[in-house]
Amino acid sequence: MRKKVIAGNWKMNMDLHQSQKLVSGIINGLGKDTKAEVIICPPFTSLSEIGSLLKGTQIKLGAQNMFFEESGAFTGEVSADMLKSVGCDYVILGHSERRVIFNEPDEQINKKIKTAIVKGLKPIFCFGELLEQREKGETMQVVSRQVEKGLEGVSAEQMKNVIIAYEPVWAIGTGKTATPEQAQEVHSFIRELVAKKVSASIAENIIIQYGGSVKPENTGELLSQKDIDGALVGGACLKADSFLSIIAAT
């Protein structure tokens, strides 16, 4: 049985004081018998302080992005070593907002994924189709391309440290959610892709999360699907009670 993994992507929300308050609420409300792996991904400005607060808890710390170079004249960027130094275990890479708003191509995301793995961070590799692409019946074609290019050169051994997050772009922050059947269809396709590209055993064990307007009301039905192993949560993770409800649904 694959473990359920629930990750909260705070995006550009929460100053330091707000971050401390939210994390305290999550820590205090999380039962010790929680079965899921729980990851929170605050903004860069809160990582160090939140990393300290999470010490001794079962909650893991993740970042929302990183650059693939170790150091240098890259104003505004953050390296894998920097993230490790403040306690990060995970990093979100390839999120649709990075792709669409900041024009990150598959090739750059691939470099980031490989750097993260080498540096000891576990990437949460995101991808998904636009509404226009789904309406044209291009979902599987788009997903296949993003998986192929994003994971190019990643070995079977390295794949053990990768989490995949399928996020249909049309469902992110829109209130629209893929039906459990729609999500399952794509998750099953992704697992088959990994089996062909890497190995059947890796595909069987890799965690594939769903993301896109995940909330307490739809988590249980989504996670009941055979190939959906967790959720990458956006807006619903910004309140301790709703995030805890999502975790409890696992």
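For the structure, check the block above.
Being a predicted model, the structure only gives us computed values, none of them experimental. (Residues numbered from 1 in each chain as written. Predicted model: local features only at pLDDT ≥ 70, side-chain atom pairs only at ≥ 80, totals over all residues. Heavy atoms only, no water.)

**Some thoughts on the pattern of salt bridges**
Then, in step 1: One pass over the structure, following the stated rule, counts 17 salt bridges.
Then, in step 2: Its salt-bridge partner being Lys149, residue Glu107 comes within 3.8 Å of it at the nearest N-O pair. Of this pair, Glu107 sits in helix α5 (residues 106-118) while Lys149 sits in helix α7 (residues 139-150), placing them 42 residues apart in sequence.
Then, in step 3: Judged by relative accessible area, which is 46%, Glu107 ranks as partly exposed.
Then, in step 4: One connected set of salt bridges, linked through shared partners, spans Arg2, Arg191, Glu204, Asp227 and Asp229. (Salt bridge = Lys/Arg side-chain N within 4 Å of Asp/Glu carboxyl O. Helix = DSSP H or I, 4+ residues; strand = E, 2+ residues; numbered from the N terminus. Buried < 20%, exposed > 50% of the residue type's maximum accessible area, 1.4 Å probe, protein only.)

**A word on the packing of α5 against α7**
Helix-helix packing is described using two parameters, namely the angle between the two axes and the distance between the axes.
Then, in step 1: Where α5 meets α7, the axes come as close as 8 Å, and the angle between the chain directions of the two elements is 45 degrees. Viewed along their axes, α5 and α7 adopt a mutual orientation that is oblique. Where α5 approaches α7, its residues Asp106, Glu107, Asn110 and Ile113 are matched on the opposing element by Arg145, Gln146, Lys149 and Gly150.
Then, in step 2: The class makeup of the residues in the contact of α5 with α7 is one nonpolar, three polar and four charged. (Axes fitted to C-alpha atoms, helices over the stretch in contact; angles between N-to-C directions. Parallel < 35°, antiparallel > 145°, perpendicular 65-115°, else oblique. Contact = heavy atoms within 4.5 Å. Nonpolar A, V, L, I, M, F, W, Y, C, P; charged D, E, K, R; others polar.)

**Re helix α9 (residues 180-197)**
Then, in step 1: Here α9 is 18 residues long and its end C-alpha atoms lie 25 Å apart, about the 26 Å a rise of 1.5 Å per residue gives.
Then, in step 2: Of the positions making up α9, those classed as buried are Pro180, Ala183, Gln184, Val186, His187, Ile190, Arg191, Leu193 and Val194. (Expected span 1.5 Å × (residues − 1).)

**Observations concerning the side chain of Ser46**
Then, in step 1: Looking at the secondary structure, you find Ser46 in helix α2 (residues 44-54).
Then, in step 2: Given a relative accessible area of 0%, Ser46 falls into the buried group.
Then, in step 3: If near-sequence neighbours (up to four positions away) are discounted, Ser46 is found in contact with Met14, Asp15, Leu16 and Ser19.

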